[in-house]
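# Examining the three-dimensional arrangement
What follows is the residue order along each chain.
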Amino acid sequence: GGVPVPADKFLEVVASHCPGAPLSLGWRVRPVVRDWYTEDDVARMRGVYESYTARLDSESAGVVFPVSLRLATKSVSALSTLVLGARAIPSSQLLVWTGAGELPPPSSTLLEARTLFQKAGLSDRVGYDCRVAEGRTSGIINDIVVYFGN
């Protein structure tokens, strides 16, 4: 659901009316268990952010990149380049989320994400806003429904 907001138009308004304000820039996704964020997705997002900062007279106050829990667990390597290392975007962080209408995944998926981001050295650069299934069985059933329903 929802209407995608064209990044260039949105950032043009932000740059002219509240330059340097902290941003939240995300992807429009369908959180299916067969999908992930690619290096190309990350490169395009980096380009969007860099085109925004090129318009500013001062530094940006930072950016949060919201990412889907189901996709993030398969994308740690690509996503980590946004917030850590030589090409990291200054004052950036990831926010791992589950959507309001999304069937909640098993708690093991959240634990896996936390473990993977911790191993990548990102514990202090990743936040979580995730709803998980009440029980292991319902979480697995939800993943099966998401897998075959999308």
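Above this text is the structure in question.
Right, let's walk through the structure included here. Predicted model only: the values in this text are computed from it and were never measured.

### With respect to the overall build of the protein
Counting its secondary structure elements, the protein contains 6 helices and 4 strands. In the protein, the order of α-helices and β-strands from amino to carboxyl end is α-β-α-β-α-α-β-α-β-α. The globule rule puts the C-alpha radius of gyration for 150 residues at 15 Å, and the 16 Å found for the protein is close to it. The dimensions of the protein, computed from C-alpha atoms along their principal axes, are 55 × 35 × 25 Å. Counting every position in the protein, which comprises 150 residues, the buried fraction comes to 39%. Within the protein, residue pairs in contact and separated by at least 24 positions form 81% of the contacts whose partners lie at least 6 positions apart. Total accessible area on the protein stands at roughly 8500 Å², and carbon and sulfur atoms take up 55% of it. If the 15 positive side-chain charges of the protein are averaged to one point and the 15 negative ones to another, these points end up 5 Å apart.

### A closer look at the layout of surface pockets
Taken as a whole, the largest pocket encloses approximately 670 Å³ of empty space. In this structure, the largest pocket is lined by 22 residues; those nearest its centre are Pro4, Val5, Gly26, Trp27 and Arg28. Of all the secondary structure elements, the ones that give two or more residues to the lining of the largest pocket are helix H1 (7-17) and helix H2 (39-53). With 4 residues, the top contributor of residues to the lining of the largest pocket is H2. Classifying every residue of the lining of the largest pocket by side-chain character gives 14 nonpolar, 4 polar and 4 charged.

What counts and what doesn't
- Along each chain, the written sequence defines residue order, and numbers are assigned to residues from 1.
- Local features in this predicted model are restricted to residues of pLDDT 70 or higher, and side-chain atom pairs are both shown and tallied only at a pLDDT of 80 or more, whereas totals for entire chains, interfaces and linings draw on every residue.
- Computation of side-chain values: all heavy atoms of the structure, hydrogens and water removed.
- The numbering of helices and of strands both runs from the N terminus, where a helix is a DSSP run of H or I of at least 4 residues and a strand a run of E of at least 2.
- In this description the radius of gyration comes from C-alpha coordinates, and the expected globular size is given by 2.2 Å times residues to the power 0.38.
- A 1.4 Å probe rolled over the protein chains alone gives each residue an accessible area, and that area as a share of the maximum for its type sets the label: buried under 20%, exposed over 50%, partly exposed in between.
- Between two residues, a contact is recorded if the distance between any of their heavy atoms is within 4.5 Å.
- In these tables, accessible area is a Shrake-Rupley quantity obtained with a 1.4 Å probe, and a residue counts as shielded only by the protein chains included in the view.
- Two residue types count as positive, namely Lys and Arg, and two as negative, namely Asp and Glu; His and chain ends fall outside the count.
- To locate a charge, the coordinates of NZ of Lys, CZ of Arg, CG of Asp or CD of Glu are taken.
- Cavities and pockets were defined on a 1 Å grid built over protein atoms only: a cavity is a set of grid points that admits a 1.4 Å probe from which the probe cannot escape, a pocket is an open set flanked by protein on both sides within 12 Å along at least five of seven lines, and lining residues are those with an atom within 4 Å of any such point.
- Grid points are joined across faces, edges and corners, and a volume is the space filled by probe spheres set on the points.
- Residues are grouped as follows: Ala, Val, Leu, Ile, Met, Phe, Trp, Tyr, Cys and Pro are nonpolar; Asp, Glu, Lys and Arg are charged; all remaining types, including Gly, are polar.

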